Amino acid sequence: MATKRKVLLMGKSGSGKTSMRSIIFANYIARDCNRLGPTIEVEHAHVRFLGNLVLHLWDCGGQESFMENFLVSQKDQIFKNVQVLIYVFDVESREFDKDLRYYQSCLEALLQNSPQAQVFCLIHKMDLIQDQDRDDTFKRRESDVLRYSELAARQHANQRANAVCQCFKSSIWDETLYKAWSAIVYKLVPNVNKMEEKLRKFGQILEADEVIMFERATFLVIAHAELREHKDLHRFEKVSNIIKQFKLSCSKMGSKLDSIQVKNANFTAIIDGFTPNTYVMVVLPDGNCSATTTLLNIKSAKKHFELLEQQQ
């Protein structure tokens, strides 16, 4: 039986909601997003994720007339039974204070109707900010968002909203989009701790530095086991972005991505199809290790992880 998770995608018109949804779930590339039109009222999408997990995405139009309607006449319908609210802010919006007030109203409606929902805010279009200014700009916007989260929580005597609201910087032009959405999906996957425990044991058997599991269609990170500390904190989303683009290139040529091997003097990285809904990446410390042996071990582990996935 499929487990459904209702996910609200909200934000003012033009903030980039539909573009990011199209890149993550509909295999768009960034330069093709300019042909997307504005969302009218609510667009619904059912995305099967990990076999038994279905994300019911509600992409809510951000024009003022729609937002007012969501918050008045459709409040119970929109904000009821929500597992996740993703609110998108345009970092360069000329009406950021107004955007924050809309966010506060949405959060208050959410607390009334789905008090246990998790809240994620994306400070989007960060590519429009100069590199040297991005961190400071993001921190200022994040501070504003958390302040309004706290105001909404106080309005309903609910102190948990500020605690669960997480902010991410994002852009459709780089890996930050995958970092944000991987973190969101990670919170939605049941039994993720058990999956990571099994990945760690698998990695120990292989004497690997790291084992990462990606969702097959989106290439978002589902679970990982780090057996040796790595300095690059952004490596997962970089790999997601690169492999997703390579996978799309293969599709355009009528080919299918099956397996990838990367070797140098310091490491061997192997990406291979794993369960029906995932790929796995194994990073080994030896550049001369046998890829054939590793692939056999991955094949041997597939059935075990398929059973684990069916329990989701």
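Above this text is the structure in question.
Quick caveat, the model's predicted, so the values are computed rather than measured. (Residues numbered from 1 in each chain as written. Predicted model: local features only at pLDDT ≥ 70, side-chain atom pairs only at ≥ 80, totals over all residues. Heavy atoms only, no water.)

**Things to note about the sheet that holds strand 6 (residues 166-169)**
Step number 1: With mixed pairing, 6 strands are arranged side by side in an open sheet as 2-3-1-4-5-6. Each of the sheet's edge strands pairs with one partner strand only, and the pair in question is strand 2 (42-49) and strand 6. Averaged over all pairs of adjacent strands, the angle between strand axes in this sheet comes to 20°, irrespective of strand direction.
Step number 2: Alignment of strand 2 against strand 3 (residues 53-60), held across 8 bridges, turns out to be antiparallel. (Pairing = 2+ DSSP bridges. Helix = DSSP H or I, 4+ residues; strand = E, 2+ residues; numbered from the N terminus. Axes fitted to C-alpha atoms, helices over the stretch in contact; angles between N-to-C directions.)

**Focus on the environment of leucine 295**
Step number 1: By the secondary structure assignment, leucine 295 is in helix 10 (residues 291-310).
Step number 2: Measuring from C-alpha to C-alpha, the distance between leucine 295 and glycine 16 comes to 40 Å, with 279 residues separating the pair along the chain.
Step number 3: Apart from residues no more than four positions distant in its own chain, leucine 295 is found in contact with Ser259, Gln261, Ile270 and Asp272. (Contact = heavy atoms within 4.5 Å.)

**Focus on the pattern of salt bridges**
Step number 1: Inspection of every chain in the model, using the stated rule, returns 12 salt bridges.
Step number 2: The salt bridge involving lysine 201 is made with glutamate 197; its shortest N-O contact spans 3.6 Å. Taken together, the positions of lysine 201 and glutamate 197, both in helix 8 (residues 192-206) and 4 residues apart, correspond to about one turn of that helix.
Step number 3: Note on lysine 201: relative accessible area 42%, which makes it partly exposed.
Step number 4: In this structure, arginine 235 and glutamate 226 form a salt bridge, with 3.2 Å as the shortest nitrogen-oxygen distance.
Step number 5: Take arginine 235: its relative accessible area is 11%, and that puts it in the buried class. (Salt bridge = Lys/Arg side-chain N within 4 Å of Asp/Glu carboxyl O. Buried < 20%, exposed > 50% of the residue type's maximum accessible area, 1.4 Å probe, protein only.)

**Details of the packing of aromatic side chains**
Step number 1: Applying the stated criterion to the full structure yields 11 aromatic pairs.
Step number 2: Consider the rings of phenylalanine 89 and tyrosine 103, whose centres lie 5.6 Å apart with planes at 70°: the pair is edge-to-face. Of this pair, phenylalanine 89 sits in strand 4 (residues 84-90) while tyrosine 103 sits in helix 4 (residues 96-113), and the two are 14 residues apart along the sequence. Tyrosine 103 carries the same exposure label as phenylalanine 89, and that label is buried.
Step number 3: Ring centres 5.2 Å apart and planes at 35° place the aromatic pair phenylalanine 219 and tyrosine 279 in the tilted group. Taken together, the residues phenylalanine 219 in the loop between strand 7 (210-215) and strand 8 (221-226) and tyrosine 279 in strand 11 (residues 278-284) connect sequence positions 60 residues apart.
Step number 4: Taking the relative accessible area as the measure of exposure, phenylalanine 219 reaches 0% and is therefore buried.
Step number 5: Judged by relative accessible area, tyrosine 279 falls into the buried class, the value being 2%.
Step number 6: These aromatic residues form a ring-pair network of at least three members: Tyr87, Phe89, Phe96 and Tyr103.
Step number 7: Sitting over the face of the ring of phenylalanine 96, arginine 141 holds its NZ or CZ atom 3.9 Å from the ring centroid. (Phe/Tyr/Trp six-rings, centres within 6.5 Å; stacked < 30°, edge-to-face > 60°. Lys NZ or Arg CZ within 6 Å of the ring centre and 35° of its normal.)

**Quick word on the sheet that holds strand 7**
Step number 1: Reading across from one edge, 8-7-11-10-9 is the order of the 5 strands in this open sheet, with antiparallel pairing throughout. Every interior strand has two partners, whereas the edge strands, strand 8 and strand 9 (259-263), have only one. Adjacent strand axes in the sheet meet at a mean angle of 10°, parallel and antiparallel pairs treated alike.
Step number 2: For strand 10 (residues 268-273) and strand 11, the ladder comprises 6 bridges, and the chain directions are antiparallel. The partner of aspartate 272 across the bridge, within strand 11, is valine 280.

**Considering the packing of helix 4 against helix 5 (residues 134-155)**
Step number 1: Direction vectors running N to C along helix 4 and helix 5 enclose 40°, while the axes themselves pass 9 Å from each other. Remark: the crossing between helix 4 and helix 5 carries right-handed chirality. When helix 4 is examined against helix 5, the residues Phe96, Leu100, Arg101, Tyr103, Gln104, Leu107, Glu108 and Leu111 are found in contact with a partner set consisting of Arg141, Asp144, Val145, Tyr148, Ser149, Leu151, Ala152, Ala153 and Gln155.
Step number 2: Of the residues that constitute the contact of helix 4 with helix 5, the class distribution is 10 nonpolar, 3 polar and 4 charged. (Left-handed = near helix turned anticlockwise from the far one by under 90°. Nonpolar A, V, L, I, M, F, W, Y, C, P; charged D, E, K, R; others polar.)

**A short note on the nonpolar core**
Step number 1: Of all hydrophobic cores here, the largest spans 52 residues; its most connected members are Phe49, Ile86, Trp181, Phe202, Val282 and Phe305.
Step number 2: It is helix 7 (residues 176-188) that contributes the most residues to this core, 7 residues altogether.
Step number 3: Sequence-distant contacts of phenylalanine 202, that is, excluding residues within four places in its chain, are made with Val211, Val282, Asn297, Ile298, Ala301 and Phe305.
Step number 4: By size, the runner-up hydrophobic cluster in this structure holds 37 residues, among which are Ile78, Val91, Cys106 and Val119. (Core = buried A, V, L, I, M, F, W, Y, C linked by side-chain atoms within 4.5 Å.)

**Here we look at the packing of helix 2 (residues 64-71) against helix 4**
Step number 1: Between helix 2 and helix 4, the least distance of the axes is 10 Å, while the angle of their chain directions is 25°. For the element pair helix 2 / helix 4, the angle class is roughly parallel. Note that helix 2 runs across helix 4; the crossing there is left-handed. Residue-level inspection shows Glu64, Met67, Glu68 and Leu71 of helix 2 in contact with helix 4, the latter providing Lys98, Tyr102, Ser105, Cys106 and Ala109.
Step number 2: For the contact of helix 2 with helix 4, the residue count by class is 5 nonpolar, 1 polar and 3 charged. (Parallel < 35°, antiparallel > 145°, perpendicular 65-115°, else oblique.)

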